[in-house]
Amino acid sequence: MFAEVIVEIKASNTDRLYTYKVPEGMDLEVGMRVLVPFKNRLVEGYVVSLTDKPSYSLEKIKSVYKILDKYPIFNEKMIKLAKWMRDYYKCYFSEVFQTIMPAGIDRGEKKVKLVRLKIEDVFEEDFKKAPRQYEVLRYLKKRSPIKLSELVKILNTDYGTIRALEKKGYIEVYEEEISRFQVRDVEKTFPPILTEEQKRAVEEVKKSIFSGQPDAYLLFGVTGSGKTEVYLKLIEETVKIGKSAIVLVPEIALTPQTIERFVSRFGNRVAVIHSGLSPGERFDEWRKVKNKEVDVVVGVRSAVFAPFDNLGLIIIDEEHEATYKQSDTRPRYNAKEVAEKRCEIEKAVLVMASATPSLETYYKAIKGDYKLLKLTRRIKASMPEIEVVNMSDELAKGNNSIFSRKLFSYIKENLKKGEQTILFLNRRGYSSFVACRDCGYVPKCPNCDISLTYHFEDKKLVCHYCGYEEPMRETCPKCGSKRIRYMGIGTERVEMDIKKFFPEARVLRMDVDTTRRKGSHEKIFYEFKNGKADILIGTQMISKGFDIPNVTLVGVILADITLNLPDFRSSERTFQLLTQVAGRAGRGEKPGRVVIQTYEDNHYSILTAKEQDYVKFFREEIKYREIFKYPPFAHLMNIVVSGEDEEKVKNASANTYLACQKVINKLQVKSYNKILGPAPAPISKINNRYRWQVIVKSEEREVLEEIAEYVQNMKYPKDIRVAVDIDPLNIM
Ligand SMILES: Nc1ncnc2c1ncn2[C@@H]1O[C@H](COP(=O)(O)OP(=O)(O)OP(=O)(O)O)[C@@H](O)[C@H]1O
Ligand SMILES: [Zn+2]
Ligand SMILES: [Zn+2]
């Protein structure tokens with residue numbers, strides 16, 4: 001028997017199958033990791049197939065040295081998926097395998113010591129001389145088994161006492177593998193009766209699930225229309241026929257409330273994967289899937305690789321979210337595409353859902369590539385009423401506060417009525433840069449060329465890319481003016497002003513600063529949900545998944561920030577964000593109100609968001625995409641060349657440009673294509689590395705794949721790094 005192995009070496013010339021002999025008696029299976037001899041050393045490898053006929057001359061074949069896993073970690077279908085990813089994203093096999101493999105797999109399995117009572121009949125007289133032993137037994141009669149460490153702690157006893165009892169045969173101390181991350185007990189809930197719209201959606205998808213037809217659906221439902229209930233019902237149906245389901249949610253939407261909704265319905269049969277898990281905890285969740293202890297996985301993008309053998313359904317919640325794309329490391333994959341492929345391989349059904357689908361997805365749905373399902377109405381209330389306020393008018397009327405008069409009066413009203421308010425700011429600190437009012441000087445990070453953010457509490461300027469900081473300046477270093485001050489608004493500033501104007505209000509803030517510690521996100525959320533605060537100020541984090549009936553007012557402090565990012569998707573992002581935050585208002589019985597503050601009240605993103613009209617937005621945006629040949633009318637590829645020496649980076653990016661040209665000429669591409677750049681990237685320096693980019697547009701993805709392959713195999717100077725991203729979601 002011979003094994004075909006991918007070796008764990010990241011280089012293009014070793015990115016292929018190597019054949020090894022399987023020694024007699026070695027129980028090797030496809031999908032296991034092995035150690036194999038490779039050029040006089042031992043390297044790790046992944047067994048992707050077993051065969052009787054070696055594709056290499058017999059005399060030269062070496063033997064597998066050792067098996068590293070007790071059981072296969074990839075099945076055949078996952079190996080197929082991995083092969084597809086390697087070709088589609090132009091990376092190495094080993095990179096794909098490392099991505100699919102759970103982090104923490106090699107940390108060993110955690111065992112705990114447990115104590116169990118063996119003899120029920122315990123008499124106090126027998127322990128006259130050993131009252132501490134008796135105390136332990138008395139406790140164990142109420143609670144057994146129990147973790148040894150816990151027992152010792154609770155009774156403040158010692159291990160000697162335990163050992164003595166073990167010797168006498170009263171108790172047993174034993175080891176067991178346990179999960180580090182335990183789903184907490186949540187009260188079980190039962191499904192509501194679905195609305196007609198919900199039922200129709202469920203019935204359609206159910207047909208595909210039952211027939212094992214790998215259909216792909218777009219569930220397009222307005223905010224609060226009950227999409228999550230549809231998922232829950234579909235999962236229930238999937239599990240009923242012995243299959244399993246994966247639910248992908250964007251990190252920020254993976255709130256305790258979301259988790260709770262799944263756990264309360266499916267109990268311990270749910271595994272949860274979020275980025276806060278340690279590698280060990282991740283592995284525990286992975287193992288629960290492998291051991292068939294769960295039927296459902298709810299998690300962030302990597303959950304798409306959950307090792308189910310009998311997958312029936314993948315749901316992608318908020319499918320428009322950019323976090324489904326892994327942008328910063330290879331493979332630069334999009335979990336949405338991977339999910340689609342995986343469903344195709346496993347004959348599972350894909351449901352992508354959103355109130356604001358990405359242009360690409362909606363375009364495919366109306367073309368018929370995806371089946372379109374709609375939920376047009378909110379379950380409980382009607383859609384909130386949205387008002388747009390032009391902030392230059394406010395200024396002209398003498399109001400230079402960060403709150404328009406309208407928002408101010410609504411906040412006041414809400415406080416009086418005891419209803420809750422959410423104030424939303426696009427990005428923490430993004431807008432709170434410092435500028436000189438006289439000469440326009442803006443302090444920037446010396447390493448990253450990014451405006452420094454002003455932190456009120458400690459009066460510091462901080463770079464959010466590399467962490468560089470300096471004290472706030474009193475005078476402008478360029479012109480000496482004393483009129484240097486922060487511009488724009490950060491969440492801290494909003495909080496300060498709220499406290500100034502409404503000293504009676506109870507305020508919470510949720511942003512990167514206040515949620516750094518584990519569990520703090522959860523804590524703030526529940527405080528707010530339980531009515532412990534009147535106003536919640538926050539960033540993107542609060543735009544999703546919040547379902548709090550008493551929130552009747554949402555204020556968007558400044559909508560323009562996302563609108564002006566250097567990205568062709570900025571209009572789309574703005575529309576999505578505004579619609580999603582607006583969707584947090586009026587989800588219960590009481591009607592909701594939304595105030596959007598902006599300087600660009602005539603922009604179609606803002607106008608259509610005000611009308612909550614996705615289709616109208618889509619029609620406007622798609623025109624522009626077609627004219628300028630942006631997705632879905634062309635594919636993009638972003639090639640970022642970086643290095644410490646700017647000249648070298650410039651030269652290397654010029655060479656990259658020429659290489660792109662060369663490939664296109666060689667292929668004799670007839671369809672539309674264009675090479676942009678080379679130019680400094682919008683973020684032109686990160687951590688002392690200069691960044692230049694070349695952007696290639698093409699109607700055919702294959703053209704980009706060819707270029708990617710070519711460019712990644714080019715010889716560059718030593719310090720130069722080249723990152724290639726096909727179909728990027730972020731070109732900063
Ligand atoms: N058929 C139903 N009967 C009663 N209540 C329902 C029903 N469906 C959903 N709900 C409730 O209505 C509210 C909104 O539903 P849900 O959160 O599922 O909507 P959603 O479309 O997922 O929301 P969003 O995308 O805005 O986060 C929830 O409180 C949910 O429990
Ligand atoms: Zn100045
Ligand atoms: Zn920096």
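Note that the structure is a prediction, hence the values are computed from the model and not measured.

Take the sheet that holds strand 10 (residues 244–248) next. Ordered in space as 11-12-10-13-14-9-15, the seven strands form an open sheet in which the pairing is parallel. Either end of the sheet is taken by a strand with one partner, and the two such strands are strand 11 (270–273) and strand 15 (371–375). Taken pair by pair, the neighbouring strands of this sheet meet at an average axis angle of 15 degrees, ignoring direction. For strand 13 (residues 311–316) and strand 14 (residues 349–354), the ladder comprises four bridges, and the chain directions are parallel. Within the sheet, the bridge partner assigned to Ile315 lies in strand 14 and is Val351. Packed onto the sheet, helix 7 (residues 227–240) meets strand 9 (216–221), strand 10, strand 12 (296–299), strand 13, strand 14 and strand 15 and runs at close to 170 degrees relative to strand 13. Strands strand 10, strand 11 and strand 12 of the sheet are contacted by helix 8 (residues 256–266), whose axis makes an angle of about 160 degrees with strand 11.

If you check the shell around ligand 1, you find 19 residues, and the closest are Ile193, Gly224, Thr228, Arg261 and Asp547. A distance of 3.2 Å separates an oxygen atom of ligand 1 from a polar atom in the backbone of Ser225. Between ligand 1 and Gly226 there is a distance of 3.0 Å, counted from an oxygen atom to a backbone nitrogen or oxygen. When ligand 1 sits alone it has 630 Å² of accessible area, and the protein chains cover 85% of it. For the shell around ligand 1, the leading source of residues is helix 7, giving three residues.

Glancing now at the packing of helix 17 (residues 570–582) against helix 19 (residues 614–628). Running from amino to carboxyl end, helix 17 crosses helix 19 at an angle of 170 degrees, the nearest separation of the two axes being 11 Å. One element, helix 17, and the other, helix 19, form an angle in the roughly antiparallel class. Contact with helix 17, carried on its side by Ser571, Glu572 and Phe575, involves Tyr614, Phe617, Glu621 and Arg625 of helix 19 and no other residues of that element. Classifying every residue of the contact of helix 17 with helix 19 by side-chain character gives three nonpolar, one polar and three charged.

Scanning the entire structure with this criterion turns up 28 aromatic pairs. Geometrically, the ring pair formed by Tyr604 and Phe617 is stacked, given 5.9 Å between the ring centres and 25 degrees between the ring planes. In this pair, Tyr604 sits in helix 18 (residues 604–611) while Phe617 sits in helix 19, placing the two residues 13 residues apart along the sequence. What links up through ring pairs into an aromatic cluster is the set Phe220, Tyr362, Phe575, Tyr604, Tyr614, Phe617 and Phe618. A cation sits over an aromatic face here: Arg86 above Phe93, 4.6 Å from the ring centre. Its guanidinium or amino end placed over the ring of Tyr672, Lys629 lies 5.5 Å from that ring's centre, counting from NZ or CZ.

This part takes up the pattern of salt bridges. In this structure the tally under the stated criterion is 48 salt bridges. Notably, a salt bridge pairs Lys288 with Glu285, separated by 2.9 Å at the nearest N-O pair. With Lys288 and Glu285 both in helix 9 (residues 279–290), this residue pair falls three residues apart, about one helical turn. Taken as a pair, Lys288 and Glu285 share a single burial class, namely buried. Look at the salt bridges and you will find they share partners, linking Glu203, Lys206, Lys233, Glu236, Glu237 and Lys240 into a network.

Membership of the largest hydrophobic core comes to 88 residues, with the highest contact counts inside it found for Phe74, Phe97, Phe305, Ile314, Val338 and Leu536. With eight residues, the top contributor of residues to this core is helix 1 (residues 76–89). Not counting the four nearest positions on each side in its chain, Ile314 is found in contact with Ile246, Val304, Ala339, Arg342, Cys343, Val349, Leu350 and Val351.

Once that is clear, we can look at the sheet that holds strand 29 (residues 689–698). Strands sit in the order 28-29-27-30 across an open sheet of four strands; the sheet is antiparallel. Edge positions in the open sheet fall to strand 28 (673–686) and strand 30 (721–726), since each of these has one partner strand only. When the angles between neighbouring strand axes are averaged without regard to direction, this sheet yields 20 degrees. Contacts from helix 21 (residues 701–712) reach strand 27 (635–643), strand 29 and strand 30 within the one sheet, and its direction differs from that of strand 30 by about 165 degrees.

Glancing now at the environment of Phe283. Looking at where Phe283 falls in the secondary structure, it is placed in helix 9. Spatially, the C-alpha atoms of Phe283 and Asp106 are 9.0 Å apart, while their sequence positions differ by 177 residues. If we ignore the near neighbours within four places in the chain, the residues touching Phe283 are Tyr71, Pro102, Ala103, Gly104, Ile105 and Glu109.

To continue, consider the UniProt feature "binding site: Zn(2+) 1" (unreviewed entry) in the protein chain. When the UniProt feature table is mapped onto this chain numbering, "binding site: Zn(2+) 1" (unreviewed entry) sits at Cys436, Cys439, Cys476 and Cys479. Structurally, Cys436 is set in strand 18 (residues 434–436). If sequence neighbours within four positions are ignored, Cys436 has contacts with Tyr441, Cys476, Cys479, Ser481, Arg483 and Ile484. Mapped onto the secondary structure, Cys479 falls in the loop between strand 21 (469–471) and strand 22 (484–486).

On to the packing of helix 20 (residues 646–667) against helix 21. Taken N-terminus to C-terminus, the directions of helix 20 and helix 21 make an angle of 130 degrees; their axes are 10 Å apart at the nearest point. As the angle between them shows, helix 20 and helix 21 are arranged oblique. Between helix 20 and helix 21 the crossing geometry is right-handed. Where helix 20 abuts helix 21, its residues Thr656, Ala659, Cys660, Lys662, Val663, Ile664 and Leu667 lie against Val703, Glu706, Ile707, Tyr710 and Val711. When its residues are assigned to classes, the contact of helix 20 with helix 21 shows nine nonpolar, one polar and two charged.

Another point: helix 9. Between its first and last C-alpha, helix 9 extends 16 Å over twelve residues, near the 16 Å set by a 1.5 Å rise per residue. A large share of helix 9 lies buried, amounting to nine of its twelve residues. Residues Gly280, Glu281, Phe283, Asp284, Glu285, Trp286, Arg287, Lys288 and Val289 constitute the buried set of helix 9. Positive phi shows up at Lys292, right after helix 9, with a value of about 60 degrees.

What counts and what doesn't
- For every chain, the first residue of the written sequence is number 1, and numbering continues from 1 along that sequence.
- Each chain gets a letter, beginning with A, and each ligand a number, beginning with 1, in the order they are written.
- Owing to the predicted nature of the model, reporting of local features is limited to residues with pLDDT of at least 70; listing and counting of side-chain atom pairs is limited to 80 or more, with chain, interface and lining totals taken over all residues.
- Side-chain measures here rest on the full set of heavy atoms in the structure, leaving out hydrogens and waters.
- Two strands are said to pair when DSSP picks up at least two bridges between them.
- Helix and strand labels come from DSSP, where a helix needs a run of H or I of at least four residues and a strand needs a run of E of at least two; each type is numbered from the N terminus.
- Working convention: axes come from line fits to C-alpha atoms, limited for helices to the stretch in contact. Angles between N-to-C directions cover 0 to 180 degrees.
- In what follows, residue pairs with any heavy atoms lying within 4.5 Å of each other are defined as contacts.
- Only a single heavy atom is needed: when it lies within 4 Å of a molecule or strand, its residue is near that molecule or strand.
- Nitrogen and oxygen atoms within 3.5 Å of one another constitute a polar contact, given that in protein one can donate a hydrogen and the other can accept it, and given that sequence-neighbouring residues count only through two side-chain atoms.
- The Shrake-Rupley method, run with a 1.4 Å probe sphere, supplies the accessible areas, and residue values consider only the shown protein chains as cover.
- With respect to orientation, any angle under 35 degrees is reported as roughly parallel, any angle over 145 as roughly antiparallel, any angle of 65 to 115 as roughly perpendicular, and every other angle as oblique.
- Residues are grouped as follows: Ala, Val, Leu, Ile, Met, Phe, Trp, Tyr, Cys and Pro are nonpolar; Asp, Glu, Lys and Arg are charged; every other residue, Gly included, is polar.
- When two rings of Phe, Tyr or Trp (its six-membered ring) have centres within 6.5 Å they constitute a pair, described as stacked for plane angles under 30 degrees, edge-to-face for angles over 60, and tilted for the intermediate range.
- Cation placement over rings: the criterion is NZ of Lys or CZ of Arg within 6 Å of the ring centroid and within 35° of the ring normal.
- By salt bridge we mean one thing: a side-chain nitrogen of Lys or Arg within 4 Å of a carboxyl oxygen of Asp or Glu.
- Three labels apply to residues, based on accessible area from a 1.4 Å probe with only protein chains included: buried if under 20% of the type maximum, exposed if over 50%, partly exposed otherwise in between.
- In this description, a nonpolar core means a group of buried Ala, Val, Leu, Ile, Met, Phe, Trp, Tyr and Cys residues linked to one another through side-chain atoms lying within 4.5 Å.
- UniProt positions are given in the numbering used here, feature names are shortened, and annotations may be inferred rather than shown by experiment.
- In this scheme, a crossing is called left-handed if the near helix is turned counterclockwise away from the far one by less than a right angle; it is called right-handed if the turn is clockwise.
- Take the number of residues in a helix, subtract one, and multiply by 1.5 Å to get its expected span.

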